[in-house]
Amino acid sequence: MELDVTDEQSVAELAPRCINVVGVYLGYTDTSMVADIDIPKNYPADVARQIVDAIETGAAEVIADEFTRRARASVFR
């Protein structure tokens, strides 16, 4: 089950214009916004690679890290 970042109607309206929608979900990523928080973080380049891979393969979503996978699993049991 996807997290459904957009409704099917919107995605269907964009598809004929060759606009793909990819939901990207991630936990803390190593940016200046969370620089002072001492926790494990994603590397921005790794997240970007996952996004590009999703675009190239036509995936509907990216779950970028284990933290987000666990959170998703607890919501969508």
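Structure: see above.
All of the points below concern the structure found in this document.

What counts, and where the lines are drawn
Residues numbered from 1 in each chain as written. Predicted model: local features only at pLDDT ≥ 70, side-chain atom pairs only at ≥ 80, totals over all residues. Heavy atoms only, no water. Helix = DSSP H or I, 4+ residues; strand = E, 2+ residues; numbered from the N terminus. Contact = heavy atoms within 4.5 Å. Areas by Shrake-Rupley, 256 points an atom, 1.4 Å probe, with all protein chains shown as cover. Buried < 20%, exposed > 50% of the residue type's maximum accessible area, 1.4 Å probe, protein only. Expected span 1.5 Å × (residues − 1).

## Some words on the overall build of the chain
Then comes step 1: A count of helical and extended segments in the chain gives three helices and two strands.
Then comes step 2: Put simply, the chain runs from its N terminus to its C terminus through helices and strands in the order α-β-α-β-α.
Then comes step 3: For the chain, long-range pairs separated by at least 24 residues make up 47% of all intrachain contacts whose partners lie at least 6 apart in sequence.
Then comes step 4: Of the roughly 5900 Å² that the chain leaves accessible, carbon and sulfur atoms contribute 55%.

## Side note on the environment of Pro 44
Then comes step 1: For Pro 44, the location among the structural elements is in helix α2 (residues 44-57).
Then comes step 2: Given the relative accessible area of 40%, Pro 44 is considered partly exposed.
Then comes step 3: Ignoring sequence-local partners within four residues, the contact set of Pro 44 consists of Thr 29 and Asp 30.

## Considerations on α2
Side chains that are three or four residues apart share a direction in an α-helix, a result of its 3.6 residues per turn.
Then comes step 1: The terminal C-alpha atoms of α2, which comprises 14 residues, lie 20 Å apart, in line with the 20 Å expected from a rise of 1.5 Å per residue.
Then comes step 2: Once α2 ends, the next one or two residues include Gly 58, with phi positive near 80 degrees.

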